[in-house]
Number of protein chains: 2
Amino acid sequence: MIRVSIIGSGNVAQHLIKAFINCPDVSLEQVFSRSESAVSHLVSPDKITTDYAKLSPVDLYLIAVSDNAIAEVSSQLPFQNQLVAHTSGSVPMQRLDHKNRSGVFYPLQTFSKNKPVDFTTIPICLESQTAADYAILETVANAISKHVFNIDSQQRKALHVAAVFVNNFTNHLYEIGADICQKNNMPFDILKPLIRETAEKITHLSPKEAQTGPAKRNDTQTIAAHLDFLKTEEKARHIYEILTKSILENGKKL
Amino acid sequence: MIRVSIIGSGNVAQHLIKAFINCPDVSLEQVFSRSESAVSHLVSPDKITTDYAKLSPVDLYLIAVSDNAIAEVSSQLPFQNQLVAHTSGSVPMQRLDHKNRSGVFYPLQTFSKNKPVDFTTIPICLESQTAADYAILETVANAISKHVFNIDSQQRKALHVAAVFVNNFTNHLYEIGADICQKNNMPFDILKPLIRETAEKITHLSPKEAQTGPAKRNDTQTIAAHLDFLKTEEKARHIYEILTKSILENGKKL
């Protein structure tokens, strides 16, 4: 059985711990956490260490800490020639200390502290220096997810930017929608089925095919009415203009 | 049993026809369509008419035609003092010809031609001139949906703008994500679980609470790296800048 240890105790670390504990094909050997209490609700005390020197040999060390701490944590590990992978979407593999074999094990999902996730549906993006190390990463990834991808650092950078658009920016548009509802005495709930259907639609249509709305139809009258409606909402109005312009220009390219 | 006739044969008309046919509490009396063939796969020939003069008396006429045609269609109806409602999100109730009693019956959803919808989950926004007419609209709406709202024309205008943000603009962000994937040789599928989770998250958190990402964290280093990555993608870069700025400003307001 393949042996994994996790370094870190944050959101991603905790979701990984839960996934490995429930996985018959992976043995979660140890968890390194600066404070034992951060993960003591998830793993038994004998598996938790607060001392790098007490990490025992495993097939894969996963560093699940904040982006800024990855380089330093990897340099503090008191061993070498082991396989050490980080779990970040935006940090190049090369940022890991070269004394160990480097890898990336990036689960592409937005994790909330208290919300359980079904890891089998989460894409895991892998990168390694050698084919042998890739095989190890792949075995571990396949054990918890059905969607495993070989993604190099340049692609991962692109993916992270794309994720900002479809996740962070999309959520910001939801916030603008919620704001408009609130200012007009309507519950945000009224928009939720539409939000769900919009996300659902692109599972069987490309976003290009799924595009609808005044900008897509070049319905200048409705666009003008909407901009008039937003005349006192400078920020939302500007976003409306920029996105409408972008959709209109896409239409012209066809 | 309450009797309804539908005027129109497009997307919304067809979805309403299907909903009423499967609904035991509403009798779909007739469908007016300029061409019989447009709806002949849905209703029996004796219920289809291509002649306004052949529309028989019912409790509610629903005009489900394109926004620009609503006023004209309502003026062509050869009867008066009947309840006539349109199904549009962006047309004021007053646009209907005043010879009949006016109403609005607006299902807030994005309809695709070939994709079945579960009407019980779709919010229906109602407006009328009198309480008696509201009761009729409400009876029909409750027969097909569990989410019925009293929404006046000014609120409906706001709702339509909000819907553009959470549906049309969100879909455009999906397209930018798909575009980035394609240009970097990755399948768009890799982003779909994240898209689903982003939409799912706001069913139990407000969008403000759900906001994550570099802009939310004021992570200027990652933002700079992303803008650098997008340096040859002028349009996506501009959208990245505007939405990042908006999220950053929201953060400062807290």
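This structure is a prediction, so every number in the text was calculated from the model and none was measured.

Whenever I open this one, the overall build of chain A confuses me. Can you help?
The helix and strand inventory of chain A stands at 9 helices and 8 strands. In terms of its C-alpha atoms, chain A occupies a principal-axis envelope of roughly 70 × 40 × 30 Å. The contacts in chain A between residues at least 6 apart in sequence include a share of 52% that link residues at least 24 apart. Summing over all exposed atoms, chain A offers an accessible surface of approximately 11,000 Å²; the carbon and sulfur share of this is 49%. For chain A, the centre of its 26 positive side-chain charges and the centre of its 26 negative side-chain charges are spaced 4 Å apart.

Looking at this structure, how should I read the pattern of salt bridges?
Oppositely charged side chains can pair when the atoms bearing their charge come close. This model, assessed by the stated rule, comprises 22 salt bridges over all chains. Measuring nitrogen to oxygen at the nearest pair gives 2.9 Å for the salt bridge that ties Glu127(A) to Arg156(A). Of the two residues, Glu127(A) is situated in strand β7 (residues 124-128) and Arg156(A) in helix α4 (residues 153-183); the sequence distance between them amounts to 29 residues. The class of Arg156(A) is buried, set by a relative accessible area of 1%. Of the charged contacts in the structure, one is a salt bridge between Lys183(B) and Asp179(B), with a shortest N-O distance of 3.0 Å. With a gap of 4 residues between them, Lys183(B) and Asp179(B) both fall in helix α4 (residues 153-183), about one helical turn apart. Among the charged side chains, a salt-bridge network with shared partners connects Asp179(A), Lys183(A) and Glu233(A).

Just to check I follow, could you spell out the environment of Ser153(A) for this structure?
All names here are of chain A. Structurally, the position occupied by Ser 153 is in helix α4. Residues Ser 153 and Val 91, 62 residues apart in the sequence, show an inter-C-alpha distance of 8.0 Å. In this structure, Ser 153 is in contact with Pro 92, Met 93, Gln 94 and Glu 127, ignoring residues within four places of it in sequence. At a separation of 3.3 Å, a polar atom in the side chain of Ser 153 contacts the main-chain amide nitrogen of Met 93.

What exactly am I supposed to notice about the layout of surface pockets here?
A probe as big as a water molecule, rolled over the atoms, marks out the empty space that is left. Size it by volume and the second largest pocket reaches roughly 1,200 Å³. Those elements giving two or more residues to the lining of the second largest pocket turn out to be α7 (214-217) of chain A together with α1 (11-21), α2 (70-76), β6 (101-107) and α4 of chain B. By residue class, the composition of the lining of the second largest pocket is 17 nonpolar, 19 polar and 5 charged.

Looking at this structure, I do not really get empty space enclosed by the protein. What am I missing?
Taken as a whole and judged by the stated rule, the model has 2 cavities of 30 Å³ or more. Approximately 40 Å³ is the volume attributed to the second largest cavity. Along the walls of the second largest cavity sit Gln211(A), Thr212(A), Gly213(A), Pro214(A), Ala215(A), Lys216(A), Tyr240(A), Thr244(A), Ile247(A), Val164(B), Asn168(B) and Phe169(B), which together make up its complete lining. For the lining of the second largest cavity, the secondary-structure elements that each account for two or more residues are α7 and α9 (234-253) of chain A together with α4 of chain B.

Would you explain the relation of the copies chain A and chain B in this entry?
Here the two chain copies are tied together by a rotation about an axis and a shift along that axis. Placing chain A over chain B gives an RMSD of 0.1 Å and needs a rotation angle of 180 degrees, together with 0.0 Å of translation along the axis. The relationship between the two copies is best expressed as a two-fold rotation axis. Nearest to the rotation axis, the C-alpha of Thr170(A) is located 2.7 Å from it, this being the minimum over chain A. The fraction of interface residues of chain A whose copies in chain B are also interface residues reaches 99%, indicating that both copies meet through the same surface.

About the criteria used
- Residues numbered from 1 in each chain as written.
- Chains lettered and ligands numbered in written order.
- Predicted model: local features only at pLDDT ≥ 70, side-chain atom pairs only at ≥ 80, totals over all residues.
- Heavy atoms only, no water.
- Helix = DSSP H or I, 4+ residues; strand = E, 2+ residues; numbered from the N terminus.
- Contact = heavy atoms within 4.5 Å.
- Areas by Shrake-Rupley, 256 points an atom, 1.4 Å probe, with all protein chains shown as cover.
- Lys, Arg positive; Asp, Glu negative; His and termini not counted.
- Charge placed at Lys NZ, Arg CZ, Asp CG, Glu CD.
- Salt bridge = Lys/Arg side-chain N within 4 Å of Asp/Glu carboxyl O.
- Buried < 20%, exposed > 50% of the residue type's maximum accessible area, 1.4 Å probe, protein only.
- Polar contact = N/O pair within 3.5 Å; in protein donor to acceptor, adjacent residues only side chain to side chain.
- 1 Å grid on protein atoms, 1.4 Å probe; cavity = no way out; pocket = protein on both sides within 12 Å on 5 of 7 lines; lining within 4 Å.
- Points joined across faces, edges and corners; volume = space filled by probe spheres on them.
- Nonpolar A, V, L, I, M, F, W, Y, C, P; charged D, E, K, R; others polar.
- Least-squares fit on C-alpha atoms with pLDDT ≥ 70 in both.

From the geometry alone we can't say anything about function, so treat these as descriptive.
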